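One letter stands for each residue in the lines below.
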Amino acid sequence: MTVSVPATSANLGPGFDSLGLAVDLRNVVEFHPSKFFSVSIKGEGENNPRLKGNNLFVSIFNDHYARLTKKTQNFKFTFHNQIPMSRGLGSSSAVIVSAIASAHEAAGIRVSKRRILNHALVYESHPDNITPAVMGGFNAATIEKNKVFSQRKHLPDYLKAVVVIPNKQMNTSKSRTVLPKSYSKENAIYNLSHTALTVAAFFNEDWEMLKLAAQDRFHQKARMKTLPELFAVQKVAYESGALMSTLSGSGSTFFSLVYDDDASMIANKFTQKFPDFIVKTLDFDNNGLIIER
Ligand SMILES: Nc1ncnc2c1ncn2[C@@H]1O[C@H](COP(=O)(O)OP(=O)(O)O)[C@@H](O)[C@H]1O
Ligand SMILES: N[C@@H](CCOP(=O)(O)O)C(=O)O
């Protein structure tokens, strides 16, 4: 059995805890019942012995497998990880979604994506990563009565994501503690209106509107101050013609949405100006969670 989940870029500027999209960078897990439990990790985390023991995927998988089957069973897990951890590309969401989907698959229980999404909400209180991780594409999401309600837009293949990934981890839950506890009416209205315009621009495919729409007063500045080079990344992005350029999730990755014709020029600019950072040009993902039986 094989399950894969894409990386995600959440917030997208003003859409704090609500907007997110998926990119073609995936974590893949292969697993089958085995006499003995074993974990093999390739890619991100392969040199991290902690992940062999205290593994978020394994603990969530085991909880759901036991709930679904009322029994325990050893499995052999082989992880092929492409999503860097604690870099604002939704690695924790990818693991949560993958573990829940894999447990249902291992238990032989077919379940809808929507149901997997609502299970994932138990582990991650904000829906802006888990929703695109499950559904793919661009998503606007909210929570009512412990359920995710969302709308999805397919992203065209003439757009690309150029992500700049610093070698600095930013733990999401920790970085949420430095955000303001409240916002002025002016700033609340600013983010409300810019989020609405960002969503409308995505659904109307008015990509030129995104530069103005995708601006934030809730979270980006406070987080970017912990790595000031990110202000320079955003400046270079817009000077080079990016359609939008925002902190990816809680960071440290910076996400830029560009026309595919501009992607290599913009990526090269980033590589030249920020040689210590990893730069990746990615297709958008419209599939989300994939289960291969
Ligand atoms: N491939 C993985 N396997 C196991 N656990 C993972 C994996 N990727 C992420 N995690 C868990 O998620 C944590 C990172 O979560 P978080 O800080 O929210 O990062 P991100 O911004 O990537 O979502 C890691 O410290 C680890 O506990
Ligand atoms: N809305 C969340 C998004 C976190 O995304 P991640 O990829 O950093 O986990 C937040 O801004 O805290």
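On a predicted model such as this, the values are computed, not experimentally measured, just so you know. (Residues numbered from 1 in each chain as written. Chains lettered and ligands numbered in written order. Predicted model: local features only at pLDDT ≥ 70, side-chain atom pairs only at ≥ 80, totals over all residues. Heavy atoms only, no water.)

**Observations concerning the UniProt feature "domain: GHMP kinase C-terminal" (unreviewed entry) in the protein chain**
Under the local residue numbering, the UniProt record ascribes the feature "domain: GHMP kinase C-terminal" (unreviewed entry) to residues 200-275. The span residues 200-275 is 51% helical and 13% strand by assignment, and the distance between its end C-alpha atoms comes to 36 Å. (UniProt positions renumbered as here; feature names shortened; annotations may be inferred. Helix = DSSP H or I, 4+ residues; strand = E, 2+ residues; numbered from the N terminus.)

**Focus on the site of ligand 2**
Taken together, 15 residues are adjacent to ligand 2, and Asn11, Asp17, Asp128, Arg223 and Ser250 come closest. Arg176 places a side-chain nitrogen or oxygen 2.8 Å from an oxygen atom of ligand 2. For ligand 2, whose unbound accessible area comes to 350 Å², protein coverage reaches 99%. Elements with a contribution of two residues or more to the shell around ligand 2: helix H5 (127-135) and helix H6 (172-176). When grouped by side-chain class, the residues that make up the shell around ligand 2 number 3 nonpolar, 8 polar and 4 charged. In this structure, the shell around ligand 2 is formed jointly by two domains, domain 1 (2-154 + 286-292) and domain 2 (159-283), each of which donates at least three residues. (Near = heavy atom within 4 Å. Polar contact = N/O pair within 3.5 Å; in protein donor to acceptor, adjacent residues only side chain to side chain. Areas by Shrake-Rupley, 256 points an atom, 1.4 Å probe, with all protein chains shown as cover. Nonpolar A, V, L, I, M, F, W, Y, C, P; charged D, E, K, R; others polar. Domains from an automatic or database assignment.)

**Here we look at the sheet that holds strand S9 (residues 254-259)**
In spatial order, the strands read S8-S9-S7-S10; together these 4 strands make up an open sheet with antiparallel pairing. Edge positions in the sheet fall to strand S8 (244-247) and strand S10 (278-283), since each has one partner strand and no second. Taken pair by pair, the neighbouring strands of this sheet meet at an average axis angle of 20°, ignoring direction. As judged from the 6 bridges shared by strand S7 (residues 159-165) and S10, these two strands associate in the antiparallel manner. Each bridged residue has a counterpart across the sheet, and for Ala161 the counterpart in S10 is Leu282. (Pairing = 2+ DSSP bridges. Axes fitted to C-alpha atoms, helices over the stretch in contact; angles between N-to-C directions.)

**Topic: the domain arrangement of the protein chain**
Domain boundaries assigned for the protein chain yield domain 1 (2-154 + 286-292) and domain 2 (159-283). Distance from the C-alpha centre of domain 1 to the C-alpha centre of domain 2: 23 Å. Opposite the 27 residues of domain 1 that make contact, domain 2 presents 41 residues. Across the domain 1/domain 2 interface, buried area totals approximately 2500 Å², and carbon plus sulfur atoms make up 62% of it. Our count for the domain 1 to domain 2 interface comes out at 2 salt bridges. Viewed at the interface, domain 2 and domain 1 are joined by 16 residue pairs in polar contact (both at pLDDT 80 or more). Listing elements by their share of the side of domain 1 that touches domain 2, those giving two or more residues are strand S1 (2-10), strand S2 (19-33), strand S5 (138-144) and strand S6 (147-153). It is S2 that contributes the most residues to the side of domain 1 that touches domain 2, 5 residues altogether. For the side of domain 1 that touches domain 2, the per-class residue count stands at 13 nonpolar, 9 polar and 5 charged. (Contact = heavy atoms within 4.5 Å. Buried area = accessible area lost by both parts, 1.4 Å probe. Salt bridge = Lys/Arg side-chain N within 4 Å of Asp/Glu carboxyl O.)

**So, the packing of aromatic side chains**
This structure, assessed with the given rule, holds 20 aromatic pairs. Measuring from centroid to centroid gives 5.2 Å for Tyr65 and Phe75, while their planes differ by 80°, and the two rings are edge-to-face. In this pair, Tyr65 sits in helix H2 (residues 56-69) while Phe75 sits in strand S4 (residues 75-81), placing the two residues 10 residues apart along the sequence. Taken together, the ring pairs connect Phe31, Phe37, Phe57, Phe61, Tyr65, Phe75, Phe77 and Phe79 into an aromatic cluster. In this arrangement the basic side chain of Arg217 is found over the ring face of Tyr190, its NZ or CZ atom lying 3.7 Å from the centre. (Phe/Tyr/Trp six-rings, centres within 6.5 Å; stacked < 30°, edge-to-face > 60°. Lys NZ or Arg CZ within 6 Å of the ring centre and 35° of its normal.)

**Thoughts on the site of ligand 1**
Close contacts around ligand 1 come from 16 residues, with Ser86, Gly88, Ser91, Ser92 and Thr172 the closest. Interatomic distance of 3.1 Å between a backbone N/O atom of Ser86 and an oxygen atom of ligand 1. Looking at the shell around ligand 1 residue by residue, the class counts come to 5 nonpolar, 10 polar and 1 charged.

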